[in-house]
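Descriptive analysis of the structure
For reference, the chains in residue letters:
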Amino acid sequence: MKKILIVSILFSWHADTFSQSESFDIATFIAPQGWKRSEANGVLAFQDYRESNGQSKFGQIFIFPSRSGGNDATKNFQDEWNDRVIKSTGTTAQPEIQTERTPDGWTAVSGAANINYQGITYSCILVTVSGFSKVMTVMINLAGEEYAAPVERLLSSFTQDRKATA
């Protein structure tokens, strides 16, 4: 997966009417069906793992609770990339960043990079949504093309409530 246009997917705002949305912190979204859901240390995770022809394939989505944030959406993204990706994997990969402003006043910044960690190469996608003095982060790790559709579905349904509190 070289490039994924996360920002355009994230804010297409077309949720499937047949699926049930769920909420976490200030966000509402449609969770991937059949993925294991867990919550630990305040982080919501959805994960699925498969073996295919001797290769491990996986999809992981981590939704971090919102935090207070500044008005510089790009800086908020870079802070999150450093904390969530660089510190946990030791990678020096820097993502190509895309920015988009939503109709309801949020600014989404996304970036992706291929990460090699402990002999496994996977795509890491980070999305931060900033606005109204809040920042919320979604981190996605993918090894396998079959995980792109469930991730796109979650991101396209992802909305934030600026009046909500964690």
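Here goes a summary of the coordinates provided. These numbers come from a predicted model, not from an experiment.

Let's shift gears to the side chain of T102. Along the polypeptide, T102 turns up in the loop between β6 (96-101) and β7 (107-117). For T102, a relative accessible area of 5% translates into the label buried. At a separation of 2.5 Å, a polar atom in the side chain of T102 contacts the side chain of D104.

This paragraph deals with the pairing of strand β4 (residues 43-52). Looking along a regular strand, one sees the side chains alternate between the two faces of the sheet. As defined by bridge partners, strand β3 (residues 36-40) adjoins β4 across five bridges and the pair is classed as antiparallel. By the bridge assignment, K36 is partnered in β4 with Q47. What sits between β3 and β4 in their antiparallel hairpin is a turn of two residues, with N41 showing a positive phi close to 50°. Taken together, the nine bridges between β4 and strand β5 (residues 55-68) define a ladder with antiparallel strand orientation. The residue of β5 that forms the bridge with D48 is G59. Connecting the antiparallel pair β4 and β5 is a turn made up of two residues, with N53 showing a positive phi of about 50°.

This part is about the sheet that holds β5. The strand order β3-β4-β5-β9-β8-β7-β6 describes an open sheet built from seven strands, whose pairing is antiparallel. Strands at the two margins of the open sheet, each flanked by one partner only, are β3 and β6. Taken pair by pair, the neighbouring strands of this sheet meet at an average axis angle of 20°, ignoring direction. For β6 and β7, the ladder comprises six bridges, and the chain directions are antiparallel. Residue pairing for β7: T99 is matched across the bridge by V109.

What follows covers the environment of F62. Within the secondary structure, F62 is located in strand β5. Counting along the chain gives 24 residues from F62 to S38, while the straight-line C-alpha distance between them is 9.7 Å. Excluding residues that lie within four positions of it along the chain, F62 makes contacts with V43, L44, A45, Q47, T137, V138, M139 and N141.

Reading guide: rules and limits
Residues numbered from 1 in each chain as written. Predicted model: local features only at pLDDT ≥ 70, side-chain atom pairs only at ≥ 80, totals over all residues. Heavy atoms only, no water. Helix = DSSP H or I, 4+ residues; strand = E, 2+ residues; numbered from the N terminus. Buried < 20%, exposed > 50% of the residue type's maximum accessible area, 1.4 Å probe, protein only. Polar contact = N/O pair within 3.5 Å; in protein donor to acceptor, adjacent residues only side chain to side chain. Pairing = 2+ DSSP bridges. Axes fitted to C-alpha atoms, helices over the stretch in contact; angles between N-to-C directions. Contact = heavy atoms within 4.5 Å.

Purely spatial values, then, with no claim about function.
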